[in-house]
Structure formats: C-alpha cells, structure tokens
Amino acid sequence: VYNDYAAQVRTIYLANRGLTLDVFHREDFGPILFSEKTDFLAEVRAHDRMTINLKLAGMSPDGRKWQIRHEVFRKDGTKAAEIQVLGAWFSLSKRK
C-alpha cells in the first residue's frame, strides 16, 4: 500500500507542475521506473492517516534519469517507510 500511495504522490507532484497525462501523450514521453525499493519501518493500519513526502535524490547530468526518495510518516510522526525509486523519461512511440 505504501508504494501505491507514493506513486499517487509522484503523479500529483508532476500534474501540479503541468506534467499531466494529456501532456505526456501529446509530447510523446513519460516516466518509467527501473526499480522501487521499500524499507518498512513501522506498521500503518487500514484507514490510518499518513503523510508521504517526495524528494529528488539524484539526477543524471542530462536530466533523463532520476532518483526519488519518499518517506512515509504515521499521524504521530513515526517514520513508517522509506521508498527509493529509480526512473527515467521514456519516449512513448520509440519505447526507449
């Protein structure tokens, strides 16, 4: 569940900066994930409130590849998970 919510955070983050699904299709590019690693630190139960942040943890010199780090916090401030995502921008038509 943590990873699904983190994916939503990334989608909202991009959309808030003008990178919506419509833009991706029109401009023929989008994000692709190479890996997603999750360290589970504390339990979050169904219907618990949580906060998930997004931090750019690295980027290649040409901006094509990137690394994002998420931290998941319970309502009481306890860190529940850390998620590392490695990805890149991808041509939808060329499939690379």
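Before reading on, note that the structure itself is shown above.
The structure reproduced in this document is the subject of the present report.

Scoring rules and cut-offs
- Residues numbered from 1 in each chain as written.
- Predicted model: local features only at pLDDT ≥ 70, side-chain atom pairs only at ≥ 80, totals over all residues.
- Heavy atoms only, no water.
- Phe/Tyr/Trp six-rings, centres within 6.5 Å; stacked < 30°, edge-to-face > 60°.
- Buried < 20%, exposed > 50% of the residue type's maximum accessible area, 1.4 Å probe, protein only.
- Pairing = 2+ DSSP bridges.
- Helix = DSSP H or I, 4+ residues; strand = E, 2+ residues; numbered from the N terminus.

**A look at the packing of aromatic side chains**
Right, on to step 1. Counted according to the given criterion, the structure contains five aromatic pairs.
Right, on to step 2. Ring geometry for Phe24 and Phe29: centres 5.2 Å apart, planes at 85°, overall edge-to-face.
Right, on to step 3. Given a relative accessible area of 8%, Phe24 falls into the buried group.
Right, on to step 4. Plain terms: the ring middles of Phe29 and Trp89 are 5.5 Å apart, the flat faces sit at 70° to each other, and that makes the pair edge-to-face.

**Comments concerning the pairing of strand β4 (residues 65–74)**
Right, on to step 1. With three bridges joining them, strand β2 (residues 50–52) and β4 adopt antiparallel strand pairing. The partner of Ile52 across the bridge, within β4, is Val72.
Right, on to step 2. Examined bridge by bridge, strand β3 (residues 55–59) and β4 share four bridges and lie antiparallel to one another. Considered in β4, the bridge of Gly58 is made with Gln67.
Right, on to step 3. Between β3 and β4, which pair antiparallel one after the other, the connecting turn spans five residues, and Gly63 there sits at a positive phi close to 80°.
Right, on to step 4. Pairing geometry for β4 and strand β5 (residues 79–91), over nine bridges, is antiparallel. Across the sheet, the residue bridging to Phe73 is Lys79, located in β5.
Right, on to step 5. Count of turn residues in the β4/β5 antiparallel hairpin: four residues, of which Gly77 carries a positive phi of about 95°.

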